[in-house]
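# Residue-level structural notes
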Amino acid sequence: MVRWGRVTGFLLIVVLTFTTIGLTTDNVLEDVILGLDLKGGFEILYQVNPLEGETITPETMKNTVSALERRISVIGVAEPEIQIEGKDRIRIKLAGVFDQDKARKLLGSPAKLTFRNMDGEILMTGKDLVENGAGIGYDQLNQPLVTLKLKDPEKFANITRQYLEKPIAIYLDETMLTAPIVKAVITGGEATIDGQRTVDEAKELAALLNAGALPVDLKEIYSNSVGAKLGSFALKNTVKAGIIGTILIFLFMIVYYRLPGLVATITLSAYIYLVLRIFTWMGATLTLPGIAAFILGIGMAVDANIITYERIKDELRSGKTILSALRAGSRRSFGTIFDANLTTILAALVLFYFGSSAIQGFAITLITSILVSFFTAVFGSRILLNLLVRGNVGTKPWYYGVKESEISEL
Amino acid sequence: MKLVNFRDVRHIKFDFVKHRKKYFIASGFIILLGLLSLLIFGLNLGIDFVSGTRVEIFIGQAFDEGEIIKELKGINLEPKSVVTAGAENDRAVLRYDKTLQKEEIAQIRGLYTEKFGEKVDVSASTVDPTISRELAWKAFYSVLIASIGIILYVTIRFEFRFAVSAIVALLHDAFMVIAFFSIFQLEVDLPFIAAVLTIVGYSINDTIVIFDRIRENLKYAKVKKVEDVENVVNNSIKQTLARSINTVLTVLFAAVALFILGGEGIRNFSLALLIGLISGAYSSIFIASQLWLTWKGKDMERAKFRSAS
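Everything in this summary refers to the structure shown in the same document. Only a predicted model underlies this, so the values are computations on that prediction, with no experimental measurement involved. (Residues numbered from 1 in each chain as written. Chains lettered and ligands numbered in written order. Predicted model: local features only at pLDDT ≥ 70, side-chain atom pairs only at ≥ 80, totals over all residues. Heavy atoms only, no water.)

## Observations concerning the side chain of B:R243
Mapped onto the elements of the fold, B:R243 is located in helix α7 (residues 226-261). By relative accessible area, which is 3% here, B:R243 ends up buried. Residue contacts for B:R243: discarding those within four places in its chain leaves A:D303, A:I306, A:I307, A:E310, B:N205, B:D206 and B:V209. (Helix = DSSP H or I, 4+ residues; strand = E, 2+ residues; numbered from the N terminus. Buried < 20%, exposed > 50% of the residue type's maximum accessible area, 1.4 Å probe, protein only. Contact = heavy atoms within 4.5 Å.)

If you want it as structure tokens, here you go:
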């Protein structure tokens, strides 16, 4: 007799699981942060060198990072990743579609502003400017220009007095922006830089000035840029591969293990969904090696199922009833799965600790996968199978891939 | 479809332990081959490990490699190699020994946009040699430290002999992949390292399951002679054979799908996984278990000798 209470419980769990998956999957896929290898973007690793006569301290590193952050906000990239690596390296990851050449230029340039006389002598530097005081304006001919505010109007008045009717060149790094002739003594503490061809150019310069000069010299030692199209190809291909691989695994499990195999496909679906969910919760970035680790994680989850089901088959062959075979099989396989997974987690932890950022992404995915698979493949499968067996569904050995002839007499 | 029930031990006539010397010789031979290849040809290191720049251009239509080289020569940017890639042969991968400046990459982009239109898309990666060497060392150290961690854990949970045998199998698998990539001169890049590390994880996982069964069977067996241990190992391998085969099969489904459909970026990665998975499944049965058996056997004989004398 089928006990409908248990079977209903089983069906309820299955329906609930799939409804949750169905209703929120779109959401999950939208929330997953894709790495730049999957959506385009670039990654730069800078070697931070001190400016003349200075040294690199954690303080200067922090200042450099905040200067870089302000510059990135100029480019308008959402969710930039900036990390300090070691003592003197900074890694920047920008994902998404934007003008990569321009971004590189903006990030790497020291943006040191100097005011020089005709002999190249530095009269004033960007440090004399009011922070965040640069903006854009227009001259009489409606040409865009950059406006500046000075910290010390007195100093600027003195300079303009000294160089009245003479040019003062304004340099951004070693590029001369303009060399206006001082027409009058400027006492109000406000100056302008003209010579900007477009409004955008003026905006960019103003933003650079506001972002401040980099307190250090940056040297690009690694860069990886991925075009948006190439990134989306990679994503599409990998996802396609993942789906087909998963379907094959599902088919195999159902054909070979029958009823437990079917349960495995349910728990595996939950597993895939949960790993993605956790990824969005953690705000982790999904990269190409990450997807690979994820697919491999499916393999690990299947392994836990296979180990359990083989044990159950074993117990059935030795003549136990389905229920006690299920109990003994689950119990005896647990230690094996535990040891095997723990050693793999151990290896992944070491990778995470010592690996570089790409390897770390891989390690995190692997660890998450194994932990989640423990819940779905071990506990999830056990609960579902138990409900079925106690509900008197699938009580013949055939449902477990065991032939009657193989069962030994007790 | 008729599926063989490997778990029904009575069906398996094969003696797994009898030929163990042959497995050692076979693996030793491949390792020797790999070592020779590494010494003579080395590894085909991608730009993740030697300095230089790799530029991938999506062109969106078929093109002529020779023409590309000629045009790049025209702007003084002749690459070391050009490879046609993509399912429709619509991508070019250029490799440079030197590090390209961003202006030069922009120049290349300009050249193709002008020729093939706005659909052109460019990816470029550049690495400084100091950083790449660091990467490789980091991966190497990681595996070493992971090995020590695994030895400790397995020694505590099982015994020292199991731990060392599992590590030998693990290094065996990692080396198989490296040897394969050296012999066929496939490009070694950063994802390759990730693949080798995955193999390390898989290999240990696969081995532990068999060891766990050996340990369990040892508890119930009356072990007096070396033959008794041989029987235990043989039975343990047979009992876990269905699991060993099915697990590697399912992981292979995923790896093969990645290899065929995954695209250029992870083709080498998935190939490394394929080789490693097969090696991992093989080594658990034919290397790790057999090593343990040989070692255990030697220790038993020594103990017997001592008690006799």
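## Brief notes about the sheet that holds strand β2 (residues 41-50) of chain A
Spatially, β3(A)-β4(A)-β2(A)-β12(A)-β5(B)-β2(B)-β4(B)-β3(B) is the arrangement adopted by the eight strands of the open sheet, whose pairing is antiparallel. Across the chains shown, the open sheet's two edge strands, defined by having one partner strand only, are β3 (81-85) of chain A together with β3 (81-85) of chain B. Within this sheet the neighbouring strands show an average axis-to-axis angle of 20°, counted without direction. As paired elements, β3(B) and strand β4 (residues 91-96) of chain B share five bridges and run antiparallel to each other. Among the inter-strand pairings, B:S81 is bridged to a residue of β4(B), identified as B:R95. The sheet strands contacting helix α3 (residues 58-75) of chain A are β2, β3, β4 (89-95) and β12 (216-226) of chain A, and the helix crosses β4(A) at an angle near 20°. On top of the sheet, helix α4 (residues 100-108) of chain A reaches β2, β4 and β12 of chain A; it is set at about 20° to β2(A), its chief contact. (Pairing = 2+ DSSP bridges. Axes fitted to C-alpha atoms, helices over the stretch in contact; angles between N-to-C directions.)

## Brief notes about the pattern of salt bridges
A full pass over the atoms with the stated rule returns 24 salt bridges over all chains. With a shortest N-O distance of 3.3 Å, B:R95 and B:E187 are connected by a salt bridge. Highlighted residues: B:R95 in strand β4 and B:E187 in strand β6 (residues 187-188), separated in sequence by 92 residues. Under the relative-accessibility criterion, B:R95 is labelled buried at 14%. Three or more residues are tied together by salt bridges with common partners; here these are A:R311, A:E315, A:K320, A:R332 and B:E216. (Salt bridge = Lys/Arg side-chain N within 4 Å of Asp/Glu carboxyl O.)

## A few points about the environment of B:N268
Residue and element names in this part refer to chain B. Topologically, N268 is positioned in helix α8 (residues 267-308). Residue classification places N268 among the buried residues on the basis of a relative accessible area of 18%. Once you skip the residues sitting within four places of it in the chain, N268 turns out to touch F181 and E187.

## What about the packing of helix α1 (residues 20-40) of chain B against α8(B)?
Residue and element names in this part refer to chain B. Running from N to C, α1 and α8 point in directions that differ by 120°, and their axes come no closer than 10 Å. Between α1 and α8, the crossing angle belongs to the class labelled oblique. α1 and α8 meet at a crossing whose hand is left-handed. Here R20, Y23, F24, A26 and S27 of α1 come into contact with α8, specifically with Y282, F286, I287, Q290, L291, L293 and T294. (Parallel < 35°, antiparallel > 145°, perpendicular 65-115°, else oblique. Left-handed = near helix turned anticlockwise from the far one by under 90°.)

## Focus: the interface of chain B and chain A
On the chain A side, the residues contacting the 73 residues of chain B number 66 residues. Both faces considered, chain B and chain A share a buried interface measuring about 6200 Å² in area, 63% of it formed by carbon and sulfur atoms. Seen at the junction of chain B and chain A, the total is six salt bridges. Among the ionic pairs, B:E216 bridges to A:R311, the shortest N-O distance being 2.5 Å. Our count for the chain B to chain A interface comes out at nine residue pairs in polar contact (both at pLDDT 80 or more). Elements with a contribution of two residues or more to the side of chain B that touches chain A: β2 (52-58), α3 (102-116), β5 (121-127), α4 (129-157), α6 (190-220), α7 and α8 of chain B. No other element matches α6(B), which puts 15 residues into the side of chain B that touches chain A. (Buried area = accessible area lost by both parts, 1.4 Å probe. Polar contact = N/O pair within 3.5 Å; in protein donor to acceptor, adjacent residues only side chain to side chain.)

## Regarding the sheet that holds strand β6 (residues 122-125) of chain A
Residue and element names in this part refer to chain A. Ordered in space as β6-β5-β9-β10, the four strands form an open sheet in which the pairing is antiparallel. Since the sheet does not close on itself, it has two edges, and those belong to β6 and β10 (175-178), each with one partner. Here the strands of the sheet are splayed against their neighbours by 35° on average, with no regard to which way each runs. Summarising the sheet, strand β9 (residues 169-172) and β10 pair through three bridges and their orientation is antiparallel. Within β10, the residue paired with Y171 across the bridge is M176.

## Examining unusual backbone geometry
What you tend to see is this: most non-glycine residues have negative phi, and most peptide bonds are trans. A positive phi angle, near 55°, is found at A:R258, a position not held by glycine. Looking at the secondary structure, you find A:R258 in helix α7 (residues 228-282). Exposure remark for A:R258: the relative accessible area of 25% places this residue in the partly exposed category. For B:Q185, which is not glycine, the phi torsion reads 50° and is therefore positive.

## Overview of the nonpolar core
A general trend in soluble globular proteins is that nonpolar side chains are found buried together. All names here are of chain A. In this structure, M253 and Y271 are the most contacted members of the largest nonpolar core, which totals 96 residues. Residue contributions to this core peak at 19 residues, all from α7. Non-local contacts of M253, meaning those with residues more than four positions away in its chain, are made with R258, G261, A264, V302, N305, I306 and Y309. Of all hydrophobic cores here, the second largest spans 45 residues; its members include V65, I75, A191 and L208. (Core = buried A, V, L, I, M, F, W, Y, C linked by side-chain atoms within 4.5 Å.)

## Re the packing of α6(B) against α7(B)
All names here are of chain B. Put simply, α6 and α7 touch, their axes get as near as 9 Å, and they point 150° apart. Between α6 and α7, the interaxial angle falls into the category roughly antiparallel. You can see that α6 and α7 cross each other, and the crossing is right-handed. On the side of α6, the interface is formed by Y202, N205, D206, V209, I210, R213, I214, N217 and L218, while α7 contributes V232, V233, S236, I237, Q239, T240, R243, S244, T247, V248 and V251.

## Remarks on the packing of aromatic side chains
All chains considered together, the criterion is met by 24 aromatic pairs over all chains. When the ring of B:F14 is compared with that of B:F16, the centres are 5.0 Å apart and the planes differ by 75°; the resulting orientation is edge-to-face. B:F16 gets classed as buried once you look at its relative accessible area, which sits at 5%. Aromatic ring contacts, followed pair by pair, group A:F252, A:Y256, A:Y257, A:Y309 and B:F253 into a single cluster. Above the ring of A:Y171, the side-chain terminus of A:R116 is found at 3.9 Å from the ring centroid. For B:R215, the ring lying beneath its charged end belongs to B:F158, and the centroid distance is 4.1 Å. (Phe/Tyr/Trp six-rings, centres within 6.5 Å; stacked < 30°, edge-to-face > 60°. Lys NZ or Arg CZ within 6 Å of the ring centre and 35° of its normal.)

Any functional reading would require information that these geometric values do not contain.
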